[in-house]
Amino acid sequence: MSIAKLWELETCRPDLVLGHSFGEYAAACASGAITPEDAFRIVQFRGQLAYEVNLKHSGLMAAINGQIDMPYIQRICRIYKVDIAVVNSPEQVIISGEYASIENASRQIEKEGLKIIPLETGAPFHSRYFTSKQPAFRRFLNSIPFYPPHEQLLMNATARLETNPQKIKDCLAAQLTNPVNFPKIIRALEATGADSDNIQEIGNRKILTGFVRKILKRP
């Protein structure tokens with residue numbers, strides 16, 4: 001959020017903003033939909049819910065890297081009761097679930113020559129295990145004032161632009177369990193007519209920029 005503010009002061013305001021998973025809260029803040037103070041309150045409450053989930057369903061996430069055969073990954077997820085949490089690019093998918101289930105699914109997937117990297121995320125985010133926490137999170141979001149953003153927000157849950165405060169809340173609540181389909185989001189960005197050659201990643205790393213290149217098949 002600090003880097004976004006500095007970038008805005010030194011250059012110009014963006015045409016639209018989006019965030020990836022946890023980054024969606026920073027994007028909402030940067031757009032003016034929520035204040036920094038309320039953004040911190042929201043992520044603190046989300047962290048408490050994640051802690052409660054992990055007490056009951058100790059889990060993690062794992063990155064699958066390689067040429068992804070999505071129907072195959074979906075079938076393995078059904079067999080081992082894990083969820084596709086994030087699709088980052090045609091070459092990376094993140095799965096989420098309980099430890100034993102992720103380990104068993106990972107061993108099977110590795111037999112296909114794909115590389116698995118465990119991600120110690122502290123909880124099985126974007127999975128079925130957060131479903132029971134969604135009502136509490138929605139109630140908490142409804143206690144926070146949201147405002148019409150200065151720029152349109154391209155939301156994770158719907159891959160649609162939103163300016164309505166209540167719809168932004170609904171999307172953040174849905175994001176708790178919904179997978180993040182980053183290719184779908186980037187294609188939706190292109191469909192808005194925005195200049196996809198001028199996507200700026202805010203932060204000290206350029207991980208998402210690499211995914212965008214792969215999604216748009218650019219060098």
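Right above here is the structure, for reference.
Definitions and cut-offs
Residues numbered from 1 in each chain as written. Predicted model: local features only at pLDDT ≥ 70, side-chain atom pairs only at ≥ 80, totals over all residues. Heavy atoms only, no water. Patch = residues over 30% accessible without salt bridge, like charges linked within 9 Å, V, L, I, M, F, W, Y side chains within 5 Å. Areas by Shrake-Rupley, 256 points an atom, 1.4 Å probe, with all protein chains shown as cover. Salt bridge = Lys/Arg side-chain N within 4 Å of Asp/Glu carboxyl O. Lys, Arg positive; Asp, Glu negative; His and termini not counted. Charge placed at Lys NZ, Arg CZ, Asp CG, Glu CD. Helix = DSSP H or I, 4+ residues; strand = E, 2+ residues; numbered from the N terminus. Buried < 20%, exposed > 50% of the residue type's maximum accessible area, 1.4 Å probe, protein only. Pairing = 2+ DSSP bridges. Arc of directions from axis to C-beta. Polar contact = N/O pair within 3.5 Å; in protein donor to acceptor, adjacent residues only side chain to side chain. Contact = heavy atoms within 4.5 Å. Axes fitted to C-alpha atoms, helices over the stretch in contact; angles between N-to-C directions. Parallel < 35°, antiparallel > 145°, perpendicular 65-115°, else oblique. Left-handed = near helix turned anticlockwise from the far one by under 90°. Nonpolar A, V, L, I, M, F, W, Y, C, P; charged D, E, K, R; others polar. Core = buried A, V, L, I, M, F, W, Y, C linked by side-chain atoms within 4.5 Å. Phe/Tyr/Trp six-rings, centres within 6.5 Å; stacked < 30°, edge-to-face > 60°.

Student: Account for a positive patch on the surface, with residues named and values stated.
Tutor: A contiguous patch of positive charge, built from Arg160, Lys167, Lys184 and Arg187, is present on the exposed surface. Within the fold, Arg160 resides in the loop between strand 6 (152-154) and strand 7 (161-162).

Student: Just give me the short version of the pairing of strand 3 (residues 83-89), but keep the residues and values in it.
Tutor: The buried count for strand 3 comes to seven of seven residues, which makes it a mostly enclosed element. Bridge count between strand 3 and strand 4 (residues 92-98): five bridges; the pairing is antiparallel. Bridging across to strand 4, Val87 finds its partner in Val93. In textbook terms, the turn of a hairpin is the stretch between consecutive antiparallel strands, and for strand 3 and strand 4 this stretch comprises two residues.

Student: Lay out helix 6 (residues 134-142) in plain terms, naming residues and giving numbers.
Tutor: Considered for burial, the residues of helix 6 that qualify are Gln134, Phe137, Phe140 and Leu141. Projection of helix 6 onto a plane perpendicular to its axis shows the buried side chains occupying an angular sector of 125 degrees, all on one side.

Student: Kindly report on the side chain of His20, identifying the contributing residues and their values.
Tutor: Position of His20 relative to the elements: it lies in the loop between strand 1 (16-18) and helix 2 (23-30). A distance of 2.7 Å separates polar atoms of two side chains, one belonging to His20 and the other to Asn88. With residues near it in sequence (within four places) discarded, His20 still touches Val86, Asn88, Asn156, Val180, Phe182 and Leu208.

Student: Can you lay out the packing of helix 6 against helix 7 (residues 165-175) for me, pointing to particular residues and giving the numbers?
Tutor: Axis separation between helix 6 and helix 7 bottoms out at 9 Å; the angle between their running directions is 150 degrees. As judged from the angle between their axes, helix 6 and helix 7 are roughly antiparallel. Taken as a pair, helix 6 and helix 7 cross one another with a handedness that is right-handed. For the pair helix 6 and helix 7, the contacting residues are Gln134, Phe137, Arg138, Leu141 and Asn142 in the first and Gln166, Lys169, Asp170, Leu172, Ala173 and Ala174 in the second. Of the residues assigned to the contact of helix 6 with helix 7, the class counts are five nonpolar, three polar and three charged.

Student: Run through the environment of Gly66, naming residues and quoting values.
Tutor: As for its position among the elements, Gly66 is in the loop between strand 2 (59-65) and helix 4 (70-80). Put simply, Gly66 and Arg160 are 94 residues apart on the chain and 28 Å apart in space, counted from C-alpha to C-alpha. Among all residues touching Gly66, those that are not within four sequence positions of it are Pro90, Glu91 and Leu114.

Student: Any details on unusual backbone geometry? Residues and values, ideally.
Tutor: Positive phi values are uncommon outside glycine, yet Lys81 reaches one of about 55 degrees. Since its relative accessible area comes to 52%, Lys81 is described here as exposed. Of note in the backbone geometry, His126 takes a positive phi value of approximately 55 degrees without being a glycine. Its place among the elements puts His126 in the loop between strand 5 (115-119) and helix 6.

Student: So what about the nonpolar core? Which residues, and what values?
Tutor: Counting residues in hydrophobic clusters, the biggest one holds 40 residues, and the most contacted among them are Ile34, Ile42, Phe146 and Leu153. Among the elements that make up this core, the one with the highest residue count is helix 3 (residues 36-56) (five residues). In terms of nonpolar packing, the next biggest core, distinct from the first, is built from 18 residues, Ala62, Ile68, Ile84 and Leu114 among them.

Student: Pulling in residues and values, what's your account of the packing of aromatic side chains?
Tutor: Under the criterion given, the structure shown has three aromatic pairs. Consider the rings of Phe22 and Tyr25, whose centres lie 5.9 Å apart with planes at 55 degrees: the pair is tilted. Aromatic pair Phe45 and Phe140: ring centres 4.3 Å apart, planes at 10 degrees, arrangement stacked. Of this pair, Phe45 sits in helix 3 while Phe140 sits in helix 6, and the two are 95 residues apart along the sequence. Overall, the relative accessible area of 22% leaves Phe45 in the partly exposed class.

Student: Tell me about the side chain of Lys169, and name the residues and values.
Tutor: Mapped onto the elements of the fold, Lys169 is located in helix 7. Buried within the structure, Lys169 lacks any salt-bridge partner; Asp170 is the closest side chain of opposite charge, at an N-O distance of 8.2 Å. Looking at Lys169, its side chain comes within polar contact range of the main-chain oxygen of Leu141, at 3.3 Å.

Functional significance is not addressed by these values, which are geometric in nature.
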